[in-house]
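Structure at a glance
Single-letter residue listing:
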Amino acid sequence: RAVALACVRVLGLLTALYIFFFALSLMSESFTILGGGLTRAIERLTTNPLAGLIAGVLVTVLLQSSSTTTSIIVALVGSGDLAVRNAVPMVMGSNIGTSITNTLVAVAHIKSRKEFERAFAGATVHDFFNLLSVAVLLPVEVLTGYLEFVSGKVAGAAAGGDGDDMMMDGGGGGAGGDGGGGEDSIPNPVKYVVSPAVHLVLQVDKEAVRNETFTGSAVKGGMFYGSGLSNAAVGAISLTLCIVVLVFALWLLVRVLKSVLKGRVRKVLIKVVDFNGYVSMLIGAVITAAVQSSSITTSTLVPLVGIGVVTLEQMFPLTLGANLGTTGTAFLASITADKSTGVQIAFVHLMFNLTGILLWYPIPHVRRVPIWLARQLGLQSARRRWVALAYVATVFCVVPLALLGLSYLGPAWLYSVVSLMTVAAVVTIAYETVRRMRPLWLPRRMRTWRWLPCVPAPAAPACWCTSPYWCPAFCRGVPEPGDYAGA
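First, a word on scope: everything that follows refers to the structure included in this document. Quantities reported herein were computed from a predicted structural model and do not represent experimental measurements.

With that out of the way, let us pick up empty space enclosed by the protein. Overall, the coordinates contain 2 cavities of 30 Å³ or more when judged by the stated rule. Of the pockets and cavities examined, the largest cavity occupies roughly 50 Å³. Along its surface, the largest cavity is lined by 10 residues, and Leu24, Val74, Ala75, Thr336 and Ala337 are the ones closest to its centre. No other element matches the 3 residues that helix 3 (residues 66-78) contributes to the lining of the largest cavity. Residues of the lining of the largest cavity, tallied by class, amount to 5 nonpolar, 4 polar and 1 charged. Estimated volume of the second largest cavity: approximately 40 Å³. Residue lining of the second largest cavity: Ser66, Asn95, Thr98, Ser294, Asn323, Thr326 and Asn353, and that is the complete set. Of the residues that constitute the lining of the second largest cavity, the class distribution is no nonpolar, 7 polar and no charged.

As structure tokens, then:
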């Protein structure tokens with residue numbers, strides 16, 4: 001029976017991988033038939049780095065999977081419809097978007113104030129690591145092209161070259177050319193395996209599309225051949241189909257791997273929390289690579305932090321390891337890419353997470369920054385439940401949508417608003433730091449947050465007025481630590 005069960009699991013794993021590769025290959029065909037119109041639309045959206053970042057956040061929040069988002073990005077880059085330079089901010093955005101899953105898991109502890117405080121801090125330490133890494137690395141990338149350059153060199157070396165051709169390829173995609181060097185195709189045995197199944201659905205005359213020599217339909221085989229549908233309609237239908245299949249493939253892959261490791265992930269995580277942080281990081285990466293989902297690793301840790309089995313300091317390196325482990329999906333997706341830039345964008349994902357770890361983990365004082373921010377947010381969320389809801393809505397929905405809308409008004413509007421938000425955040429953090437560390441430097445009235453006006457009772461929902469934990473201002477009933485009003 002055990003042998004039969006093992007065979008079923010292996011068969012399930014191979015099936016999930018085949019469907020995954022099939023979906024990505026079909027996606028490449030879909031992008032090809034959609035042609036230059038799609039390429040130009042993507043280029044317009046992602047030319048602005050902030051718009052690309054926001055697109056990555058929103059797509060990941062919508063799909064609830066950074067693995068799906070990065071797989072789509074790899075497919076776009078590998079097919080030549082998206083330049084590596086424009087894809088880098090989208091990869092960063094996918095890292096931010098995936099954090100919402102942990103935050104929603106923490107809400108399960110909302111009835112117990114202390115558990116909710118710890119669980120929400122455990123969930124958002126992942127958020128703050130990603131947000132801080134993006135805050136540092138996005139400007140660096142815009143100014144220097146650091147991730148594009150390093151990933152190009154590494155991917156070129158891995159492919160047996162010097163990386164120079166790949167660097168030229170990475171910046172040359174988009175509507176202005178053929179998407180990054182038409183000659184830079186790589187031998188792909190996986191595509192030979194999945195191509196028969198893909199061509200049953202859709203087969204495109206790629207040479208005709210590339211040279212724009214076709215008249216009428218560019219479909220030369222598959223279920224859409226002779227259907228009378230336009231190229232745009234065929235591309236849209238097949239693209240929607242392959243995204244659905246891709247989500248299903250990743251879900252099946254995670255379920256199969258999770259069934260193999262059922263119960264073991266939790267036991268291993270509990271055992272390794274007392275190890276050296278770097279060992280914990282490595283184990284977190286291995287576990288996440290094994291289950292192909294960082295959400296499983298981090299969502300397993302959040303309840304353990306909530307009940308006090310694992311501390312925030314112990315969870316942090318495991319979370320960083322999970323970030324590293326989830327990059328394996330991008331490398332799997334790059335196997336089906338037509339061009340070597342697909343491998344390069346997978347290395348971008350890996351290098352982004354490695355650089356973030358080097359920035360925020362090795363130095364103890366710097367390491368405390370995301371932990372302290374998460375702990376303070378957990379504390380305020382436990383005192384005032386609306387803070388948690390406002391945080392999720394603002395970070396993952398309101399701000400991204402607002403900034404995406406502003407990006408269409410032009411870069412001046414977008415950068416002005418982002419600059420004001422940055423100044424407001426810096427001032428708030430500075431005020432809170434002084435309030436806690438040097439309260440006597442402040443006027444007596446400003447030594448607590450109670451100087452903020454309270455919403456009048458007629459204008460506020462009843463639950464806000466009857467319960468201090470839902471009051472929309474910082475002035476009702478909940479004691480503040482370090483309340484220096486009488487100092």
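So, next bit.
The terminal C-alpha atoms of helix 14 (residues 294-306), which comprises 13 residues, lie 18 Å apart, in line with the 18 Å expected from a rise of 1.5 Å per residue. Helix 14 sits mainly inside the fold: 12 of its 13 residues count as buried. Gly308 occupies a position one or two residues after helix 14 and carries a positive phi of about 90°.

This paragraph deals with the packing of helix 15 (residues 312-325) against helix 17 (residues 341-360). It is the contact of helix 15 with helix 17, at a shortest axis distance of 9 Å, that shows an interaxial angle of 160°. When the axis of helix 15 is compared with that of helix 17, the two are roughly antiparallel. The handedness of the crossing between helix 15 and helix 17 comes out as left-handed. Residue-level inspection shows Phe316, Leu320, Asn323 and Leu324 of helix 15 in contact with helix 17, the latter providing Leu350, Asn353, Leu354, Ile357 and Trp360.

The first and last C-alpha atoms of helix 20 (residues 411-437) sit 38 Å apart over 27 residues, in line with the 39 Å expected at 1.5 Å per residue. Every buried residue of helix 20 is accounted for by Leu414, Tyr431, Glu432 and Arg435. Where helix 20 is buried, its residues touch helix 2 (49-63) and helix 19 (385-407).

Rules behind the numbers
- Residues numbered from 1 in each chain as written.
- Predicted model: local features only at pLDDT ≥ 70, side-chain atom pairs only at ≥ 80, totals over all residues.
- Heavy atoms only, no water.
- 1 Å grid on protein atoms, 1.4 Å probe; cavity = no way out; pocket = protein on both sides within 12 Å on 5 of 7 lines; lining within 4 Å.
- Points joined across faces, edges and corners; volume = space filled by probe spheres on them.
- Helix = DSSP H or I, 4+ residues; strand = E, 2+ residues; numbered from the N terminus.
- Nonpolar A, V, L, I, M, F, W, Y, C, P; charged D, E, K, R; others polar.
- Expected span 1.5 Å × (residues − 1).
- Buried < 20%, exposed > 50% of the residue type's maximum accessible area, 1.4 Å probe, protein only.
- Axes fitted to C-alpha atoms, helices over the stretch in contact; angles between N-to-C directions.
- Parallel < 35°, antiparallel > 145°, perpendicular 65-115°, else oblique.
- Left-handed = near helix turned anticlockwise from the far one by under 90°.
- Contact = heavy atoms within 4.5 Å.

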